[in-house]
Amino acid sequence: MRAVPTYRLTPGMTVAKDVYSYSDQLLLPENTKLTDKTITKLAFYSIPFIYVKKDEPVVPVDESEPEDTYSSRIKNSPEFKKFSAEFQEDIEKFRDSLNDVVERNAPLDIDVLLQDTLSLLDNTHGPIHVFDILHNMRQYDDLTYAHSINVALICNVLATWLGMSKEDVMLATQCGLFHDIGKLKMPEVIIKKPEKLTNQEYNVIKTHTLEGYNILQKCHVNAHIANSALLHHERCDGTGYPFGLTSEQIDPFAKIVAIADVYDAMTSARVYRRPVCPFTVMAIFESEGIQKYDARFILTFMENVLNTYMLNRVRLSDGRKGEVILINKRTLSRPLVRCGSEYVDLRTEPASLSIEAII
């Protein structure tokens, strides 16, 4: 068997060793055949590597894509091209600014960095375009800087959906932007290690929350920003770190960042070409995460994301194509789909039948 980073896993690989979460929950037993959904589930639990059967090669990236797909239409749009160009410029400025803060104790100019991030929103036409654009501009080695900007944009949208004041929406965006600053203090040999981390190394990685808090405290930022760096890996059911806090003990802005952080991780880089379907991601939130996140925050996030795909064309896992015509309130990830003259209520169908892709 051999260790393979989660972002390099492909459907069809076979798990060679039981995979457990860091709270000792069995996630995938040995001999499980990986699917899009199980790989996304590993990202949900922040599993960096797993062991797979040694004789199974990493599948090369498939660069081919049909011309007329939902993804290709987004990538060919003027707003996507403009967003992509500005995003790369912002990453470089953001990287240089954070490195100056961490390595040279330079002052942190939050307002300038925030405005650079918010300017990206001017290139979109509403919240769903933010998500669609982020889903379709993935790189195979997402940097901390790119991830932080993604999380900031998602926090901005979620805070807006929650009906927060303009000031708090801006604050939530800032919390997302700086939540992972502590990773810049982590040893590069561990961050880029090409095999499974030891328990000791994983414990070092977990200190990025405290390191981030200490950096931001020295910069005299708003307390919610520092708290979000410290607490964004806490979970409402007490299974998170560094303190194992429960819901009422976690800063509400850290709860927003936690959702944005794991959503970006679940929809980020993959060796195989297509973006992860949002219905796949939301199915994992429903089955694994309702108790881990603030119920109002996660349900608002899920419902708003999926409602934006109403009337979109989708492909089911059995190959049928149809149109989403109703989001089921009690099972958001399993809507009513019209396939020609047939109506498929996924809520009443076997779990093996699901939405595979937005087309």
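Higher on the page you've got the structure.
Residues numbered from 1 in each chain as written. Predicted model: local features only at pLDDT ≥ 70, side-chain atom pairs only at ≥ 80, totals over all residues. Heavy atoms only, no water.

1. Structural notes on the overall build of the chain
Step number 1: Broken down by element type, the chain carries 14 helices and 9 strands.
Step number 2: Here the C-alpha radius of gyration of the chain, 20 Å, is about what a compact globule of 359 residues would show, namely 21 Å.
Step number 3: Over its C-alpha atoms, taken along the principal directions, the chain stretches across nearly 65 × 45 × 40 Å.
Step number 4: Across the 359 residues in the chain, those meeting the buried criterion constitute 53%.
Step number 5: In the chain, once contacts between residues fewer than 6 apart in sequence are set aside, the share between residues at least 24 apart is 65%.
Step number 6: Here the chain contributes 40 positive and 49 negative side-chain charges, whose respective centroids are spaced 4 Å apart. (Helix = DSSP H or I, 4+ residues; strand = E, 2+ residues; numbered from the N terminus. Rg over C-alpha atoms; globule rule 2.2 N^0.38 Å. Buried < 20%, exposed > 50% of the residue type's maximum accessible area, 1.4 Å probe, protein only. Contact = heavy atoms within 4.5 Å. Lys, Arg positive; Asp, Glu negative; His and termini not counted. Charge placed at Lys NZ, Arg CZ, Asp CG, Glu CD.)

2. Focus on the nonpolar core
Step number 1: In this structure, Phe178, Phe285 and Phe301 are the most contacted members of the largest nonpolar core, which totals 100 residues.
Step number 2: Per element, the largest residue contribution to this core is 12 residues, and it comes from helix H6 (residues 144-161). (Core = buried A, V, L, I, M, F, W, Y, C linked by side-chain atoms within 4.5 Å.)

3. What about the pairing of strand E8 (residues 342-345)?
Within a regular strand, side chains alternate between the sheet's two faces.
Step number 1: As defined by bridge partners, strand E7 (residues 336-339) adjoins E8 across 4 bridges and the pair is classed as antiparallel. In the strand pairing of E8, Cys339 is matched with Glu342.
Step number 2: As consecutive antiparallel partners, E7 and E8 are separated by 2 residues, and within that stretch Gly340 has a phi angle of approximately 65°, a positive value. (Pairing = 2+ DSSP bridges.)

4. A word on the packing of helix H3 (residues 78-104) against H6
Step number 1: Interhelical geometry of H3 versus H6 gives an angle of 110° and a closest axis separation of 9 Å. What the angle tells us is that H3 and H6 run roughly perpendicular. Considering the relative orientation of H3 and H6, their crossing is right-handed. Here Phe83, Phe87, Asp90, Ile91, Phe94, Arg95, Leu98 and Asn99 of H3 lie close against H6, whose contacting residues are Tyr145, Ala146, Ser148, Ile149, Asn150 and Leu153.
Step number 2: Considered class by class, the residues forming the contact of H3 with H6 number 9 nonpolar, 3 polar and 2 charged. (Axes fitted to C-alpha atoms, helices over the stretch in contact; angles between N-to-C directions. Parallel < 35°, antiparallel > 145°, perpendicular 65-115°, else oblique. Left-handed = near helix turned anticlockwise from the far one by under 90°. Nonpolar A, V, L, I, M, F, W, Y, C, P; charged D, E, K, R; others polar.)

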